[in-house]
Amino acid sequence: MIPTREQAFAILKKHNESQALIRHALSVEAVMRHYAAQYGEDVEYWGAVGLLHDLDYEKYPEEHCAKVFELLREENVDEPFIRSIASHGFGLCSEIEPTHRMEKVLYATDELTGLIHACALMRPSHSVMDLEVKSVKKKFKQHSFAAGVNREVILHGAQMLDIPLEDLITGCIDAMRGAADEIGLGMQTQ
């Protein structure tokens, strides 16, 4: 079974209570949907992969990208779908290498959405709506900022996709703007 958006969100909520993790999942979903549309791929499929990519992280951080197989098999989710999710941890917590374009996009953008989120929160607006690529690039170089973000993974992912880092950042910002209110990064009214 390939989960619909509604099914994927229900599965996500079943295994995750952290609003931060749910917002991250929604950010990655938005980015995956954006790139699926750009590449002429299945937006719903890519979005569901993005939504569920960290399904096992809250409850099983030591088994991240491994426990997801068990959790999604219990939901009768197709093996290739699960494999794609597990590939985003390549070299960190998974030996499954991203081979399909969708997997490479997930690998390249997962960490980047976290950096963009942190950059947006540093703005006076606390919003992604007025965030500029140059600000993200500056913070990308500052390793003490959002120190948990693995910049090597982002660079490796951009290389896998043969996309300049600046273009990858631009695409992620654009996608996250489309989900800004849902991910808590919309323009705040005083």
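Before going into details, it helps to say that this report is about the structure given with it.

Here we look at the pattern of salt bridges
- Taken as a whole, this structure holds eleven salt bridges when the rule is applied.
- Salt-bridge contacts for Arg83 lead to Glu103; the nearest nitrogen and oxygen are separated by 2.7 Å. With Arg83 in helix α5 (residues 79-86) and Glu103 in helix α6 (residues 101-122), this residue pair connects regions lying 20 residues apart in the sequence.
- Overall, Arg83 belongs to the partly exposed group, its relative accessible area being 26%.
- Judged by relative accessible area, Glu103 falls into the buried class, the value being 1%.
- As a salt-bridge pair, Lys134 and Glu132 come within 3.7 Å of each other at their nearest N and O atoms.
- Residue Lys134 is classed as exposed on the basis of its relative accessible area of 61%.

As for helix α1 (residues 5-15)
- Considered for burial, the residues of α1 that qualify are Ala8, Ile11, Leu12 and His15. One face of α1 carries all of its buried residues, which in axial projection span an arc of 100°. Those residues of α1 that are exposed and aimed more than 90 degrees away from the buried face are Glu6 and Lys14.
- On its buried face, α1 sits against α2 (19-39), α3 (43-52) and α4 (67-73).

The rules we used
- Residues numbered from 1 in each chain as written.
- Predicted model: local features only at pLDDT ≥ 70, side-chain atom pairs only at ≥ 80, totals over all residues.
- Heavy atoms only, no water.
- Salt bridge = Lys/Arg side-chain N within 4 Å of Asp/Glu carboxyl O.
- Helix = DSSP H or I, 4+ residues; strand = E, 2+ residues; numbered from the N terminus.
- Buried < 20%, exposed > 50% of the residue type's maximum accessible area, 1.4 Å probe, protein only.
- Arc of directions from axis to C-beta.
- Contact = heavy atoms within 4.5 Å.

Bear in mind that shape data such as this cannot, by itself, settle questions of function.
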